[in-house]
Amino acid sequence: MVTLFYDSLCPLCVKEMRKLSRWDKNQQLILEDIHHSDFAARFPDVDPKAANRILHAKDSHGQMVYGLDATYAAWHAVGKGYWVSWLRWPVIAWFADQAYLFFARHRYRISALLTGRARCQQCQLK
């Protein structure tokens, strides 16, 4: 079981969560909105501001993982880890991590370019 802490204000982030939800046939992924009103009370060990800067997840071993490691954990949980596993290969990982950090910093602008919306008011997963 993997818990993924996502940004519900980001249209691209929500789009990926929808895709992961559809693939999650065995209910191995829990999606938690970092902007939900009771998030801090339910997850006191996760800083929502930090989780808004870089993707956070609690992997199947209960360990916190971040960035593309969180992405890999989520995709692996839904049986699609092989699609993104190459992003964790030693030579590629450094470059992939830099690209991810760029995306994370500019995801609202990138969302605007790709979807026509920079942000949404609590995008719905369904």
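What counts, and at which threshold
- Residues numbered from 1 in each chain as written.
- Predicted model: local features only at pLDDT ≥ 70, side-chain atom pairs only at ≥ 80, totals over all residues.
- Heavy atoms only, no water.
- Helix = DSSP H or I, 4+ residues; strand = E, 2+ residues; numbered from the N terminus.
- Polar contact = N/O pair within 3.5 Å; in protein donor to acceptor, adjacent residues only side chain to side chain.
- Contact = heavy atoms within 4.5 Å.
- Buried < 20%, exposed > 50% of the residue type's maximum accessible area, 1.4 Å probe, protein only.
- Pairing = 2+ DSSP bridges.
- Right-handed = clockwise from strand over helix to strand, strands pointing away.
- Expected span 1.5 Å × (residues − 1).
- Bend = angle between axes of the 7 residues up to and from the residue.
- Core = buried A, V, L, I, M, F, W, Y, C linked by side-chain atoms within 4.5 Å.
- Axes fitted to C-alpha atoms, helices over the stretch in contact; angles between N-to-C directions.
- Parallel < 35°, antiparallel > 145°, perpendicular 65-115°, else oblique.
- Nonpolar A, V, L, I, M, F, W, Y, C, P; charged D, E, K, R; others polar.

Asker: Would you mind going over the side chain of H56 in detail, with residue names and values included?
Answerer: Tracing the backbone shows H56 in strand 3 (residues 56–58). At 2.7 Å, the side chain of H56 forms a polar contact with the backbone oxygen of I54. The contact partners of H56, leaving out residues within four places of it in the chain, are T3, L4, F5, V46, A50, A51, M64, V65, Y66 and A70.

Asker: So, the pairing of strand 1 (residues 2–6): which residues are in play, and what are the values?
Answerer: Looking down a regular strand, the side chains alternate between one sheet face and the other. Within strand 1, five of the five residues are buried, which leaves the element mostly enclosed by the surrounding structure. The two faces of strand 1 match: V2, L4 and Y6 on one face and T3 and F5 on the other face are all buried. Relative to strand 2 (residues 29–33), strand 1 is paired through five bridges, and the arrangement is parallel. The partner of V2 across the bridge, within strand 2, is L29. A crossover connection joins strand 1 to the parallel strand 2 through helix 1 (residues 11–23); in handedness this β-α-β unit is right-handed.

Asker: Before we move on, can you summarise helix 6 (residues 90–115) with the specific residues and values?
Answerer: The end-to-end C-alpha distance of helix 6 is 32 Å, clearly below the 38 Å that 26 residues give at a rise of 1.5 Å each. Roughly 80 degrees is the biggest bend found in helix 6, and it falls at H106. Residues of helix 6 that are buried make contact with helix 1, helix 3 (48–53) and helix 4 (68–77). A positive backbone phi angle near 85 degrees is found at G116, which sits one or two residues after helix 6.

Asker: Pulling in residues and values, what's your account of the nonpolar core?
Answerer: Formed by 25 residues in total, the largest nonpolar core has its most connected members in L4, L20 and L29. Residue assignment for this core shows that the elements contributing at least two residues are strand 1, helix 1, strand 2, helix 4 and helix 6. Element by element, the count of residues in this core is highest for helix 4, at six residues. Setting aside chain neighbours within four positions, we find L29 in contact with M1, V2, L4, L20, D24, A74 and V78.

Asker: So, the packing of helix 1 against helix 4: which residues are in play, and what are the values?
Answerer: Closest axis-to-axis distance for the helix 1/helix 4 pair is 9 Å, and the angle between their directions is 30 degrees. Judged by the inter-axis angle, helix 1 sits roughly parallel to helix 4. Between helix 1 and helix 4, the residues in contact are E16, L20 and W23 and T71, A74 and W75, respectively. For the contact of helix 1 with helix 4, the class distribution of residues is four nonpolar, one polar and one charged.

Asker: Can you tell me about the sheet that holds strand 1, naming the residues and giving the values?
Answerer: In spatial order, the strands read 2-1-3-4; together these four strands make up an open sheet with mixed pairing. In this open sheet, the two strands that pair with only one neighbour each are strand 2 and strand 4 (64–66). Across this sheet, the average inter-strand angle for adjacent strands is 25 degrees, counted without regard to direction. Of the strands in this sheet, strand 1 and strand 2 touch helix 1, which is tilted by about 160 degrees from strand 1. Together, strand 1, strand 2, strand 3 and strand 4 form the strand contacts of helix 4, whose direction differs from that of strand 4 by roughly 110 degrees.

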